[in-house]
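# Geometric and topological summary
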Amino acid sequence: MNTKVAQKTDEAKKMRREIIRDYAIFAIALALAVLLLLIFPERKATATITAWNYFLEMIAIMPAVMIIMGLFNVFVSKEQVVKYLGKTSGIKGILLAIFFGALPTGPLYIAFPLALALWKKGARVSNIVIFLSAWACIKIPQELVELQFLGLKFMASRLTLTVVFVILMGLFIEKLMAHSDQHLKESQEGGKINEGI
Amino acid sequence: MNTTIIFINLLALVFLLFAFVKDRKKTKQSLILALKSFFRILPTVLVVIILIGLFLAFVPPAEIVKYAGEQAGFTGILIIALAGAILYIPSLTSFPLAASLLRSGASIASVAAFITTLTMVGVVTLPVEIRVLGKRMALLRNGFSFIIAILIALIMGVIL
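Residues numbered from 1 in each chain as written. Chains lettered and ligands numbered in written order. Predicted model: local features only at pLDDT ≥ 70, side-chain atom pairs only at ≥ 80, totals over all residues.

As a further point, take the overall build of chain B. Broken down by element type, chain B carries 8 helices and 0 strands. Along chain B, from the amino end to the carboxyl end, the secondary structure elements read α-α-α-α-α-α-α-α. In terms of overall size, chain B is more extended than a compact globule, its C-alpha atoms giving a radius of gyration of 20 Å where 160 residues would be expected to give roughly 15 Å. Across its three principal axes, chain B shows a C-alpha extent of roughly 60 × 30 × 30 Å. Here chain B holds 160 residues, and the buried ones make up 48% of them. Nonlocal contacts in chain B, meaning residues at least 24 apart in sequence, comprise 75% of its contacts between residues at least 6 apart. (Helix = DSSP H or I, 4+ residues; strand = E, 2+ residues; numbered from the N terminus. Rg over C-alpha atoms; globule rule 2.2 N^0.38 Å. Buried ≥ 20, exposed ≤ 12 C-beta atoms within 10 Å, placed from the backbone. Contact = placed C-beta atoms within 7 Å.)

What follows deals with the nonpolar core. Buried together is how nonpolar side chains tend to be arranged in soluble globular proteins. Counting 102 residues, the largest nonpolar core has V65, A115 and L118 of chain A as its most contacted members. When we break this core down by domain, the ones giving at least three residues each are domain 1 (1-43) and domain 2 (59-159) of chain B. (Core = buried A, V, L, I, M, F, W, Y, C linked by C-beta atoms within 7 Å. Domains from an automatic or database assignment.)

So, on to the interface of chain A and chain B. Note on interface size: it is often stated as the accessible area lost on association of the parts. Contacts between chain A and chain B engage 70 residues on the former and 67 residues on the latter. Elements supplying a minimum of two residues to the side of chain A that touches chain B: α1 (2-39), α2 (44-75), α5 (111-120), α6 (125-137), α7 (140-150) and α8 (152-178) of chain A. Take the side of chain A that touches chain B: its biggest share by element is 24 residues, from α2 of chain A. Of the residues in the side of chain A that touches chain B, the class split is 50 nonpolar, 13 polar and 7 charged. (Nonpolar A, V, L, I, M, F, W, Y, C, P; charged D, E, K, R; others polar.)

Before going further, it helps to spend a moment on the confidence of the model for chain A. Residue and element names in this part refer to chain A. Overall, the predicted model of chain A reaches an average pLDDT of 86, with 86% of residues at or above 70. Per-element averaging of pLDDT across chain A places helix α9 (residues 182-189) at the bottom with 54 and α8 at the top with 95. Contacts from residues 189-196, a stretch scored under 50 in pLDDT, to residues over four places away or in other chains number 13 contacts. (pLDDT = per-residue confidence, 0-100.)

On domain assignment, one finds that chain B holds domain 1 (1-43) and domain 2 (59-159). Measuring from the centre of the C-alpha atoms in domain 1 of chain B to the corresponding centre in domain 2 of chain B gives 33 Å.

As for its position among the elements, S133 of chain A is in helix α6. With 34 residues separating them along the chain, S133 of chain A and I167 of chain A place their C-alpha atoms 9.2 Å apart. Apart from the residues within four sequence positions on either side, S133 of chain A is in contact with G101 and V166 of chain A together with M120 and S145 of chain B.

In this fold, G106 of chain A is placed in the loop between α4 (90-102) and α5. For G106 of chain A, a count of 22 C-beta atoms within 10 Å gives the class buried. Non-local contacts of G106 of chain A, meaning those with residues more than four positions away in its chain, are made with I61 of chain A together with T4 and I8 of chain B.

Our focus in this paragraph is α2 of chain A. Given a rise of 1.5 Å per residue, 32 residues ought to cover 46 Å, and the 46 Å separating the end C-alpha atoms of α2 of chain A matches this to within 8%. Of all the bends in α2 of chain A, the greatest reaches close to 30 degrees and is centred on I61 of chain A; the proline P63 of chain A follows between one and four positions later. (Expected span 1.5 Å × (residues − 1). Bend = angle between axes of the 7 residues up to and from the residue.)

Looking now at α5 of chain A. The element α5 of chain A is largely enclosed, with a buried count of 9 among its 10 residues. Inspection of α5 of chain A places A111, F112, P113, L114, A115, L116, A117, L118 and W119 of chain A among the buried residues, and these make up the whole buried set.

Residues and elements named next belong to chain B. Of the residues in chain B, 96% have a pLDDT of 70 or more, and the chain-wide mean is 88. Looking over chain B, one finds the lowest element-wise mean pLDDT in helix α3 (residues 61-70), namely 70, and the highest in helix α8 (residues 135-159), namely 95. Predicted complex metrics record ipTM = 0.86 and pTM = 0.84.

In this section: the packing of α6 of chain A against α8 of chain A. Between two packed helices, both the angle of their axes relative to each other and the distance between the axes serve to describe the pair. Residues and elements named next belong to chain A. The geometry of α6 relative to α8 is characterised by a closest axis approach of 8 Å and an angle of 145 degrees between their N-to-C directions. The interaxial crossing formed by α6 with α8 has right-handed handedness. From α6, V125, S126, N127, V129, I130, S133 and C137 reach across to α8, where they touch T162, V166, I167, M169, G170, L171, I173, E174 and M177. Residues that form the contact of α6 with α8 fall into these classes: 10 nonpolar, 5 polar and 1 charged. (Axes fitted to C-alpha atoms, helices over the stretch in contact; angles between N-to-C directions. Left-handed = near helix turned anticlockwise from the far one by under 90°.)

Written as structure tokens, this is what we have:
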């Protein structure tokens, strides 16, 4: 019992250290950016406007994604994820991963925490990779703009090829990850499952 | 972009309402978890946003893409795929850029490679990906995405 408690406080300490480190990196990056823009004032307008626009987008999307992830973590059971996206989910799992990825949901970096939540709950690696790829590349609004600018033939053949290769890539990466999925093991042993990321 | 913002927030709201009706205590737990996760990932995302801002200011995408589009053959495909992997352009504005590339004489294969690496490979967002999913998964996903982008491009060059 005592060792368990000790482990838990160790884990909390480690997490706090990581958070402090991340914020320190942010402070350094910000300082360097300010310095760089002081040296090259003619770049300042583009840099700040771009960063500000992405910041606004992030602030508008991230809280919603975090809430979905939080609800998913607490309400959806491991058994359900394993059933629909786990080892035995087969074609249905692949189609489900593509469907969830293709919803209009924002930039790819938003998907990483969701992918981790699925992964920890027992989704198979191939479906995680397929989910991320679909999120990046098979988005519904994106396909419509591609159709408009590059035509049906271009869009349809790129979409078909992408789906095929993404599934193959998912299965292949799963094979390569099978032997040493250290990252996942660490976060599972650390009991971080209920701590989100 | 606005429809995306509305869609995802509406989705979160609907889930939240359902959860609240079903189990208030668990919903509260979920929200605390969401808040904690948000502040954990925030600094890494802010670093990426700073990188993107600097990047677009110092390396204007239109010029890079134009240069890459003029290179011919397999080298051209490779260079423009690399440009797509490194550049960070919102996917919806990348299509007009790709169309102008085609008009200015770039091959179908190189344009296909550009769009595919642009969306699937993220060098700028790699810090967040490694932070969340681990080094191995992040590098494998980006590496293989780059390879399949080239394959997709080559096949498209043949069939179109």
